[in-house]
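# Structural overview for review
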Amino acid sequence: MKITNITIVRAIVHEVVRASQLEDRPPILNDALVTLNTKGKDLVSRRLVETVASGSHCVDVTVEDSTSGSPFDRATAMLDCSDELFISNSKHLASSLSNAQTAGPIKSGSAVFVQGRCFADGADSRFIAIIKADSDQALYKNVTGEEITLTYVNEMILGESQRLIKIAFLIEDSDSTVTLSDALRSPDDFSIKVFDHLMQISGNGEAAAYFYRTFLQCRLADTSSRQTKNFYNVARSFIDQMPVPQADRVDYQGDLISYLRSNEEILEPRTFARRVLPEDQRDAFLGVCRGSDITEAITKDLTLLKGKLRRRSVKFSSNVTLYAPPDVFKESVRITGESDDGWTEVRIRGSIESMP
Amino acid sequence: MTESELRGAFEERRPVLAALGEWVAERVTASLREALGSDEAVSKFLQLPAKSRVKDTDSFLEKALIRKPKKNPLEEITDQVGVRFVVLLLEDIERICSIVESGPWDAQKDRDFQIERLKNPDYFAYQSDHFVIRTRSEFEHDGVTISAGMPCEIQIRTILQHAYAEMAHSSAYKPPIKLSEEDQRRVSRSLAKGSALIEITDDVFREIKTKLRDYNESIEALLKTASEVYQGITGEPTNPMTALGKLVAGTYWEFLNNVEPDQLRDWAINRPELKSPLCEKRKEFVFYRDSIVILLGFLITEHESEIPGRWPVDSQYLEDFYTTLGISTSGLF
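Cut-offs used in this document
Residues numbered from 1 in each chain as written. Chains lettered and ligands numbered in written order. Predicted model: local features only at pLDDT ≥ 70, side-chain atom pairs only at ≥ 80, totals over all residues. Heavy atoms only, no water. Helix = DSSP H or I, 4+ residues; strand = E, 2+ residues; numbered from the N terminus. Buried < 20%, exposed > 50% of the residue type's maximum accessible area, 1.4 Å probe, protein only. Contact = heavy atoms within 4.5 Å. Areas by Shrake-Rupley, 256 points an atom, 1.4 Å probe, with all protein chains shown as cover. 1 Å grid on protein atoms, 1.4 Å probe; cavity = no way out; pocket = protein on both sides within 12 Å on 5 of 7 lines; lining within 4 Å. Points joined across faces, edges and corners; volume = space filled by probe spheres on them. Pairing = 2+ DSSP bridges. Axes fitted to C-alpha atoms, helices over the stretch in contact; angles between N-to-C directions. Polar contact = N/O pair within 3.5 Å; in protein donor to acceptor, adjacent residues only side chain to side chain. Buried area = accessible area lost by both parts, 1.4 Å probe. Salt bridge = Lys/Arg side-chain N within 4 Å of Asp/Glu carboxyl O. Nonpolar A, V, L, I, M, F, W, Y, C, P; charged D, E, K, R; others polar.

### A few points about the overall build of chain A
- Across its full length, chain A carries 10 helices and 15 strands.
- Going through the 356 residues of chain A one by one, you find that 47% of them count as buried.
- Long-range pairs, those at least 24 residues apart, make up 67% of the contacts in chain A between residues at least 6 apart in sequence.
- Accessible area of chain A: about 18000 Å², with a carbon and sulfur share of 48%.

As structure tokens, this is what we get:
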């Protein structure tokens, strides 16, 4: 989704801790909205765009619980309510976030709640963003006269590192009608995006789930398997048309399969382009992805691609087909070149074992 | 007319010839100034100041009496005074030619020169023109009366042709005695090579110039369109050719090569959301006051991953602009 022109209407910040620390002391919950100057607002906007806009790693989620008092209800109510209710709902949500932080590499940090407006795919829309921002350490450079001193700072938030933020971005569809300010909102009126860097790291499915599942009561969007297949088809046909020798094309197809079979939870066009494609083809690929509505990350679901990923094949014009499991193919088959006489040289690691 | 009478007559008309030469040089230079706009432009255009020269008396007599005997040499010899213009490029020659052809005199190509060129292709193979002009009526210039029908030769050369002609015609390259046939052939071949080289070099310069002009024209067209689009969005006029604009356009020229101005317009039309950030940010940041942001925005949309690596200045502006466009900078910077 293309997010531009973010303006921040109101914001508040609370402390969140690990669930196990709740017994030691209650986290500090703020009773007042925070004021941000222009630069501060710009920075928050930048972080939102970086993580949620086109080209980012965010994924779509679907609300599982939208009943009264659910996180979805509390968050969406913050769009229309008074400042008092905004503050009390945010406190409530910050506490549930602390309660959800039970497992994995979770740090204490801050929960920033932002209400604002933005252009989402060109339409003026309202949004609520919940940012879990972990504190970072840095050195503060102070220049006095001709002297520079460095001071240790350990409570810096919203720095460059995306490792340190998780975001839930609830965008109200521009054509939805709000009947009563305290009425329950329907999930159909919202697009909900989640950014969590843990989703990019292989084998972290459960650790990442606490934010969108335990805390937000959402699940990954149902469209994942279709989107994954779409991604595969787009990438595959792009590689088929790339102006490279046939032998290289076979390698790129293999790399595509490896990328799909890796342990990462999400697929993302930019990452794929950077890892697999030659530099001069990357933007062309991203353009094709945009044309096919793939502008952000996709939650990987290989259900519809199982057959394609189980084995790789190369079919020759003479009707000879070579099959192998993808890993084996990558490791043990080399297509070294096609010659003018109509023969292709293939090298296969290993000796002939049997001829059934 | 005896030789001494002819000598006397030629000596007598010397000041008239000198005045005629100066007048012709001034007229052509004045027309050039009109066409180019300023004295400065003229002095850039002419590689050497226009120079008129009256023929040596001895050289005139030798030609009139020995080399090309004429019945009425004072009438018939056309190069008693000559004016030379030296320019940079072949196309500049054409410019002066057309000025000469439309001047306040009767002009025609110098037939003697053309014949000589055919006879001696080695010396004159290059594309060059000599004109002979004749005054139409009697008039006064600098206090000297110039009668009707007086001839003046005009030579127009590129600076390379000039250098070559000076070399080839200088006495250092003229054998004092007739060479053996074989040596003559060798010298002729070498001269032909030199003249061909000059011609090729002039062509090469012409090609470079054409290419640069195309390049400049298309960059200019894009920058101007960007400026119009910018003004359409913000209501504020901009200078399309800023140093930053040229720097950015030059950096990403490869991507702009085939971009049509209409693509820029369409790009902007599809982005109504740009209006408010541009109007807001231009108040605070000079970067956003430059209409190059339109061109840059278009480029980012098309080449998001390749733009940052080549960005020629501090990347904070570029990062901020990505955010403004709603494109994540994640993994790009």
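### Observations regarding empty space enclosed by the protein
- With the rule as written, the count across this model stands at 3 cavities of 30 Å³ or more.
- Estimated volume of the largest cavity: approximately 80 Å³.
- Taken together, Ser 54, Gly 55, Glu 268, Pro 269, Arg 270, Leu 286, Cys 289, Arg 290, Ile 294 and Thr 295 of chain A together with Glu 304 of chain B make up the lining of the largest cavity.
- Of all elements in the fold, only α7 (269-276) and α8 (279-291) of chain A reach the threshold of two or more residues within the lining of the largest cavity.

### What to know about the sheet that holds strand β1 (residues 46-54) of chain B
Residues and elements named next belong to chain B.
- Spatial strand order, β1-β2-β7-β4-β3: 5 strands in an open sheet with mixed pairing. Each edge of the sheet is formed by a strand with only one pairing partner; in this case those strands are β1 and β3 (106-109). Direction aside, the axes of adjacent strands within the sheet are offset by 20° on average.
- The sheet contact formed by strand β2 (residues 81-87) and strand β7 (residues 151-158) spans 6 bridges and is parallel. From the neighbouring strand, Val 87 faces β7, where its bridge partner is Thr 158.
- Of the strands in this sheet, β1, β2, β3, β4 (129-134) and β7 touch helix α5 (residues 90-101), which is tilted by about 160° from β7.
- Here helix α8 (residues 159-169) sits on the sheet in contact with β1, β2 and β7, set at roughly 110° to β7.

### Observations concerning helix α16 (residues 315-325) of chain B
- Judged by how many residues are buried, α16 of chain B sits mostly within the fold: 8 of 11 residues are covered.
- Along α16 of chain B, the positions that sit buried rather than exposed are Leu 318, Glu 319, Asp 320, Phe 321, Tyr 322, Thr 323, Thr 324 and Leu 325 of chain B.
- Elements in contact with the buried residues of α16 of chain B: β1 (3-16) and α1 (38-52) of chain A together with α12 (261-269), α13 (275-284), α14 (292-302) and α15 (307-310) of chain B.
- Where α16 of chain B starts, the residue carrying a side-chain oxygen 3.0 Å from the main-chain nitrogen of Gln 316 of chain B turns out to be Asp 314 of chain B.

### What about the interface of chain B and chain A?
- Contact with chain B, which involves 24 residues of that partner, is made by 26 residues of chain A.
- Taken over both partners, the interface formed by chain B and chain A buries close to 2000 Å², and the fraction arising from carbon and sulfur atoms is 40%.
- In terms of surface lost to chain A, no three residues of chain B exceed Glu 273, Thr 323 and Ser 330 of chain B, which account for 27% of the buried area on that side.
- Note that Glu 304 of chain B is salt-bridged to Arg 290 of chain A, the shortest N-O span being 3.7 Å.
- At the junction of chain B with chain A, the criterion picks out 14 residue pairs in polar contact (both at pLDDT 80 or more).
- Elements with a minimum of two residues in the side of chain B that touches chain A: α13, α14 and α16 of chain B.
- In terms of residues, the side of chain B that touches chain A owes the most to one element, α16 of chain B, which gives 6 residues.
- Residue composition of the side of chain B that touches chain A, by class: 4 nonpolar, 12 polar and 8 charged.

### As for the layout of surface pockets
- Put simply, the second largest pocket is a space of about 940 Å³.
- Forming the boundary of the second largest pocket are 32 residues, of which Thr 38, Asp 42 and Ser 45 of chain A together with Lys 281 and Asp 320 of chain B lie nearest the centre.
- For the lining of the second largest pocket, the secondary structure elements donating two or more residues are β1, α1 and β3 (109-120) of chain A together with α13 and α16 of chain B.
- With 9 residues, α1 of chain A is the largest single contributor of residues to the lining of the second largest pocket.
- Taken together, the residues that form the lining of the second largest pocket break down as 10 nonpolar, 9 polar and 13 charged.

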